Amino acid sequence: MYVQGFVIPVPDSNKDAYAEVARKFWEIAKDCGALSQIECWEADIKDGATTDFRTAVKAEPGEKIVFSWMTWPDRATADAAHDKMMADPRMETEFGNPDGSDMPFNGKRMIIGGFDPMFVGEAE
């Protein structure tokens, strides 16, 4: 398994628009091999003494934090999916301008990273 994680500042007023973008993106990612996508809206985020989620993404007043992750069978599938997704015509029809100006969040402040799981605990 391979996990891609995201931390995204989203204006509180754009919650529904963000959820719709996430649902549409899932259809493309799933077609490119993703196993799951989890989108979480801020519920309890404390300000840290040194750093925190808000500081990391330079959140502005009125923005909430989205914490999300996507799982893939392996890194090779995730890497190959990137080019497939960018070439998918749904990316333009569903999400508009390639510069991201039609998105309900500022993608320049989004944090993205890829991770190899060290431990996966699951309830039976």
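About the cut-offs
- Residues numbered from 1 in each chain as written.
- Predicted model: local features only at pLDDT ≥ 70, side-chain atom pairs only at ≥ 80, totals over all residues.
- Heavy atoms only, no water.
- Helix = DSSP H or I, 4+ residues; strand = E, 2+ residues; numbered from the N terminus.
- Expected span 1.5 Å × (residues − 1).
- Buried < 20%, exposed > 50% of the residue type's maximum accessible area, 1.4 Å probe, protein only.
- Polar contact = N/O pair within 3.5 Å; in protein donor to acceptor, adjacent residues only side chain to side chain.
- Salt bridge = Lys/Arg side-chain N within 4 Å of Asp/Glu carboxyl O.
- Contact = heavy atoms within 4.5 Å.
- Phe/Tyr/Trp six-rings, centres within 6.5 Å; stacked < 30°, edge-to-face > 60°.
- Pairing = 2+ DSSP bridges.
- Axes fitted to C-alpha atoms, helices over the stretch in contact; angles between N-to-C directions.

1. Some thoughts on helix α3 (residues 75-87)
For α3, spanning 13 residues, the distance from its first C-alpha to its last is 19 Å, which sits close to the expected 18 Å at 1.5 Å a residue. What α3 keeps buried is the set A78, A81 and M85. Residue D74 occupies the N-cap position of α3, its side-chain oxygen lying 3.3 Å from the main-chain nitrogen of A76.

2. Quick word on the side chain of R109
Within the secondary structure, R109 is located in the loop between α4 (89-95) and β4 (111-115). Reaching out from R109, the side chain makes a polar contact with the backbone oxygen of K58 at a distance of 2.7 Å.

3. Details of the pattern of salt bridges
In this structure the tally under the stated criterion is nine salt bridges. D31 serves as the salt-bridge partner of R90, at 2.9 Å between the closest nitrogen and oxygen. Of this pair, R90 sits in helix α4 while D31 sits in helix α1 (residues 15-31), and the two are 59 residues apart along the sequence. Through salt bridges with shared partners, a single ionic network connects D31, D88 and R90.

4. What to know about the side chain of Q37
The topology assignment puts Q37 in strand β2 (residues 36-41). Engagement of the side chain of Q37 in a polar contact is seen with the backbone oxygen of A22, the distance being 3.1 Å. A distance of 3.0 Å separates the side chain of Q37 from the side chain of E39, its partner in a polar contact. In this view, Q37 contacts A22, F25, W26, W69 and M70; residues no more than four positions away in its chain are not counted.

5. Observations regarding the packing of aromatic side chains
Working definition: an aromatic ring pair is given by the centre-to-centre distance plus the angle between the planes. One pass over the structure, following the stated rule, counts three aromatic pairs. Taking 5.4 Å as the distance between ring centres and 55° as the angle between the ring planes, the aromatic pair formed by F67 and W69 counts as tilted. Look at F67 and you get partly exposed, because its relative accessible area is 40%. Given the relative accessible area of 29%, W69 is considered partly exposed. Members of the aromatic cluster, connected to one another through ring pairs, are F53, F67 and W69.

6. Remarks on the sheet that holds strand β3 (residues 63-72)
On the basis of which strands lie adjacent, the open sheet formed by four strands has the order β2-β3-β1-β4 and antiparallel pairing. Edge positions in the open sheet fall to β2 and β4, since each of these has one partner strand only. Averaged over all neighbouring strand pairs, the angle between strand axes comes to 15°, with direction disregarded. Sheet topology places β2 next to β3; six bridges connect them, and they run antiparallel.

7. Regarding unusual backbone geometry
Even without a glycine there, the phi angle at K58 is positive, about 50°. Relative accessible area serves as the criterion here: at 63%, K58 is assigned to the exposed category.

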